[in-house]
Amino acid sequence: MSQFDRTGGVASDGERTDRVDGADASAATPRTESRIPPAEVFSVLGNETRVEALRALLDLGGDESPVSFTDLFERVDATDSANFSYHLDRLAGHFVRRGDDGYEFRPPGRKVVSSIFTGTLTERAQLGFFPAEGSCHACDGDLHAWYVDDTLSVGCADCGAIQVSYPFPAGALDGRSTDDLLDAFGHYVRHHYCLAADGVCPECTGTVETSLVRTPDEPDQEVAVEHACRRCRYDLRSTVGLLLLDDADVIRFHADRGVDLSSVPFWTFDWCVSDAATTVVSEDPLRVRLTIACAGDEMRVGVDETGTVVETDAPELDAR
């Protein structure tokens with residue numbers, strides 16, 4: 001049902017591709033004054049003392065207020081102050097901000113610390129089958145979830161159909177019951193798709209372009225929504241239905257019938273995880289119509305080739 005693909009962004013000669021649609025992206029938008037080369041990022045962080053310094057800065061509250069050199073030095077196993085000062089200088093500028101009052105995190109440094117010490121980059125976990133709410137869109141069988149290779153999946157144990165499969169950091173498993181884990185997963189995935197639909201890349205906050213695409217080779221999905229980031233080449237694909245979870249009329253249609261779309265797992269709605277409710281009404285340009293049922297009523301939503309809702313037909317709308 002879903003696809004997560006990070007490709008592109010770097011040309012074959014190793015240089016970043018900053019041209020979009022034949023134009024120079026640097027001419028279209030302001031660029032940063034300086035950029036640390038990707039290889040240098042790993043070089044800077046590939047040192048135990050510097051990683052310890054970042055951890056000490058976190059422990060001492062460096063994301064809230066500056067921490068003195070002395071306090072940091074006392075928390076790190078460094079050979080001498082001059083050596084430690086050298087390592088802090090390597091972190092300063094991009095990962096750490098150095099001021100008269102001491103050192104504090106810059107956003108990239110805080111993100112690195114979060115990724116390293118919460119297990120996003122360092123931990124791997126597996127979790128076997130456990131029950132999940134809802135029934136299979138293909139055979140009406142019971143749903144189960146499992147966590148393997150940093151990805152949480154929800155699918156049918158009877159026919160093998162997948163409702164959703166999406167990367168999810170291993171830290172999410174820490175201290176959560178399976179019910180809480182699925183609840184967090186639902187919010188996490190929805191947040192990513194809503195950001196992408198709003199034109200913001202969930203990975204780099206770059207500009208995302210959305211379009212409908214034909215997917216004849218994918219089971220249960222002949223038409224998909226594709227979100228593509230122009231900056232980092234992040235690619236996110238979903239059913240058309242998932243695009244409508246944040247639509248005001250769709251939310252109101254369900255709310256009027258006692259269903260809160262923000263709290264019910266989206267994989268329990270067939271129109272979100274398959275093409276069962278999707279009809280192609282035009283090929284060129286590609287346009288579709290979704291027929292969404294709830295509590296004995298139906299609404300129809302038209303979506304154009306850019307993923308934009310262009311028409312909505314629901315009982316309460318007709319009555320206005």
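Rules behind the numbers
- Residues numbered from 1 in each chain as written.
- Predicted model: local features only at pLDDT ≥ 70, side-chain atom pairs only at ≥ 80, totals over all residues.
- Heavy atoms only, no water.
- Helix = DSSP H or I, 4+ residues; strand = E, 2+ residues; numbered from the N terminus.
- Buried < 20%, exposed > 50% of the residue type's maximum accessible area, 1.4 Å probe, protein only.
- Contact = heavy atoms within 4.5 Å.
- Areas by Shrake-Rupley, 256 points an atom, 1.4 Å probe, with all protein chains shown as cover.
- Core = buried A, V, L, I, M, F, W, Y, C linked by side-chain atoms within 4.5 Å.
- Expected span 1.5 Å × (residues − 1).
- Pairing = 2+ DSSP bridges.
- Axes fitted to C-alpha atoms, helices over the stretch in contact; angles between N-to-C directions.
- Arc of directions from axis to C-beta.
- Polar contact = N/O pair within 3.5 Å; in protein donor to acceptor, adjacent residues only side chain to side chain.
- pLDDT = per-residue confidence, 0-100.

Participant: How would you summarise the overall build of the chain if you had to cite specific residues and measurements?
Facilitator: The helix and strand tally for the chain stands at 11 helices and 16 strands. Classification of the 320 residues of the chain by burial places 39% in the buried group. The contacts of the chain with a sequence gap of at least 6 include a subset with a gap of at least 24, amounting to 47%. By element, 46% of the accessible surface of the chain is carried by carbon and sulfur atoms, the whole surface being about 16,900 Å².

Participant: Quick rundown of the nonpolar core? Include the residues and the values.
Facilitator: Counting 57 residues, the largest nonpolar core has Leu152, Val154, Trp267 and Trp271 as its most contacted members. For this core, the leading source of residues is helix α7 (residues 178–197), giving seven residues.

Participant: Which residues make up α7, and what are the values?
Facilitator: Between the first and last C-alpha of α7 there are 28 Å, a value that for 20 residues agrees with the 28 Å anticipated at 1.5 Å per step. Residues Leu181, Leu182, Ala184, Phe185, Gly186, Val189, Arg190, His192, Tyr193 and Ala196 constitute the buried set of α7. Count one or two residues on from α7 and you reach glycine 199, which has phi positive near 90°.

Participant: Quick one: what's the story with the environment of glutamate 48, residue by residue and with numbers?
Facilitator: Note that glutamate 48 resides in helix α3 (residues 48–59). Exposure remark for glutamate 48: the relative accessible area of 61% places this residue in the exposed category.

Participant: Just give me the short version of the sheet that holds strand β13 (residues 278–283), but keep the residues and values in it.
Facilitator: Spatially, the four strands line up as an open sheet ordered β13-β14-β15-β16, and their pairing is antiparallel. Every other strand in the sheet has two partners, leaving β13 and β16 (309–313) as the edge strands with one partner each. Sheet twist, expressed as the average angle between the axes of neighbouring strands with direction ignored, equals 20°. When strand β15 (residues 297–303) meets β16, the two strands line up antiparallel, connected through four bridges. Residue pairing in the sheet places arginine 300 in a bridge with aspartate 313 of β16.

Participant: With reference to specific residues and values, describe α3.
Facilitator: Every α-helix winds through 3.6 residues per turn, so residues three or four apart in the chain are directed the same way. For α3, with 12 residues, the first-to-last C-alpha span of 16 Å sits near the 16 Å given by 1.5 Å per residue. Listed in full, the buried residues belonging to α3 are Thr49, Arg50, Ala53, Leu54, Ala56 and Leu57. The buried residues of α3 occupy an angular sector of 160° when the element is viewed end-on, so they sit on one face. Sitting at the head of α3, asparagine 47 places a side-chain oxygen 2.9 Å from the backbone nitrogen of threonine 49.

Participant: Break down the side chain of threonine 278 for me, with residues and values.
Facilitator: With respect to the helices and strands, threonine 278 occurs in strand β13. When neighbours within four sequence positions are excluded, threonine 278 is seen to be in contact with Val288, Arg289 and Leu290.

Participant: Can you lay out the confidence of the model for the chain for me, pointing to particular residues and giving the numbers?
Facilitator: Of all residues in the chain, 82% have pLDDT values of 70 or greater, and the mean over the chain is 83. Here residues 2–33 is modelled with pLDDT under 50, and outside its nearest four sequence neighbours on either side it reaches 50 contacts, counting other chains as well.

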